[in-house]
Amino acid sequence: RLPVVAIVGRPNVGKSTLFNRLVGKKLALVDDLPGVTRDRREGEANLLGLDFRLFDTAGFEDEDPQSLPGRMRVQTEAAVAEADVALFLIDARAGIVPLDAEIARWLRGSTTPVILVANKAEGRAGEAGILESLELGFGDPVQISAEHGEGVADLFEALLPHI
Ligand code: GDP
Ligand code: MG
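What counts and how
Along each chain, numbering runs from 1 in the same order as the chain's sequence is written. For this description, chains carry letters from A and ligands carry numbers from 1, given in the order in which they are written. Per-residue local features are limited, in this predicted model, to residues with pLDDT of at least 70; the limit for side-chain atom pairs, both in listing and counting, is 80 or more; totals at the level of whole chains, interfaces and linings are taken over all residues. Any residue whose backbone-placed C-beta atom lies within 6 Å of a molecule or strand is treated as near that molecule or strand. Under the scheme applied, nonpolar residues are Ala, Val, Leu, Ile, Met, Phe, Trp, Tyr, Cys and Pro; charged residues are Asp, Glu, Lys and Arg; polar residues are all the others, including Gly. Nonpolar core, as used here: buried Ala, Val, Leu, Ile, Met, Phe, Trp, Tyr and Cys residues forming one set through C-beta atoms within 7 Å. The burial criterion counts other C-beta atoms lying within 10 Å of a residue's C-beta, which is placed from the backbone; the residue is buried at 20 or more, exposed at 12 or fewer, and partly exposed between these limits. Helix and strand definitions here come from DSSP, where helices need a minimum of 4 consecutive H or I residues and strands a minimum of 2 consecutive E residues; each element is numbered from the N-terminal end. Strands are labelled as partners when DSSP assigns at least two bridges between them. Working definition: the arc comes from the directions between the helix axis and the C-beta atoms, pointing outward to the latter. What counts as a contact here is a pair of residues whose C-beta atoms, placed from the backbone, lie within 7 Å.

Participant: Got a minute to help me understand the site of ligand 1 in this structure?
Facilitator: Taken together, the neighbourhood of ligand 1 is formed by 18 residues, with G14, K15, S16, T17 and E147 sitting nearest. In terms of residue class, the shell around ligand 1 is made up of four nonpolar, ten polar and four charged.

Structure (structure tokens):
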């Protein structure tokens with residue numbers, strides 16, 4: 001059985017962009033618009049030779065009027081419970097918003113290990129958000145840019161002890 005990694009976080013932090021980068025564009029659903037993931041997606045991911053199953057979740061995308069928040073939240077909870085480790089994504093450029101703090105509280109109640117990941121960290125626009133993210137209580141974030149493919153080696157190092 002491959003180890004399982006779940007990506008969680010509020011809408012628009014770049015969960016699906018990271019999923020697509022690690023799983024490969026071929027397996028990505030074409031109807032997945034930016035900021036919108038209706039259901040959990042999963043695929044086989046590879047990161048510098050590390051193979052694992054990756055879940056992209058959408059349980060916190062409650063703003064979507066079409067969504068069924070309860071069902072999606074349950075899906076996210078199930079994905080995290082099943083995972084060997086969760087990647088908790090924040091948007092370094094946007095900084096920490098109340099929903100990030102809510103998700104952090106929720107993740108603290110889970111037994112799954114959590115790696116805090118500050119996405120959109122390319123350039124210097126993310127520096128303030130990275131400092132703010134310390135208040136979430138998950139230590140120093142791994143800084144990545146899912147869009148530009150930066151931080152891959154740091155993400156590998158953070159995952160390695162868990163999978
Ligand atoms: P999700 O809702 O968490 O799945 O987020 P998406 O993957 O749909 O991304 C939301 C938006 O953030 C899209 O417009 C992406 O292009 C953008 N985005 C994702 N990763 C990065 C990144 O590393 N840097 C920047 N600047 N934008 C990104
Ligand atoms: Mg998404």
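Participant: Help me out: how do you make sense of the nonpolar core in this one?
Facilitator: In a soluble, globular protein the nonpolar side chains are often hidden away together inside. Of all hydrophobic cores here, the largest spans 33 residues; its most connected members are A6, I7, A86, F88, L89 and V117. Counting only elements with at least two residues in this core, the list comes to β1 (4-8), α1 (15-23), β3 (50-56), α2 (69-82), β4 (85-91), α3 (98-108), β5 (114-119) and α5 (152-159). Considering each element in turn, this core owes the most residues, five residues, to β4.

Participant: Explain unusual backbone geometry here, please?
Facilitator: A negative phi angle characterises most non-glycine residues, just as the trans form characterises most peptide bonds. Residue N12 is not a glycine yet carries a positive backbone phi of 75°. Summarising the element assignment, N12 is placed in the loop between β1 and α1. Judged by the 17 C-beta atoms lying within 10 Å of it, N12 falls in the partly exposed class. Notably, L48 is not glycine yet its phi reads approximately 50°, a positive angle. With respect to the element layout, L48 can be found in the loop between β2 (41-47) and β3.

Participant: Looking at this structure, how should I read the sheet that holds β2?
Facilitator: Pairing between the strands of a sheet is mediated by backbone hydrogen bonds and can be parallel or antiparallel. On the basis of which strands lie adjacent, the open sheet formed by six strands has the order β2-β3-β1-β4-β5-β6 and mixed pairing. The two strands at the open ends of the sheet, each matched to only one other strand, are β2 and β6 (142-143). Alignment of β1 against β3, held across four bridges, turns out to be parallel. Note on β3: the bridge partner recorded for I7 is D56.

Participant: Just to check I follow, could you spell out α3 for this structure?
Facilitator: Because an α-helix completes one turn every 3.6 residues, residues spaced three or four positions apart along the sequence face the same direction. For α3, every residue scored as buried is listed here: D100, I103 and L107. The buried residues of α3 occupy one face: seen down the axis, they fall within an arc of 65°. In this structure, α3 carries P98, E102, R105 and R108 as exposed residues pointing more than 90 degrees from its buried face. In this structure, the buried residues of α3 make contact with β1, β4 and β5.

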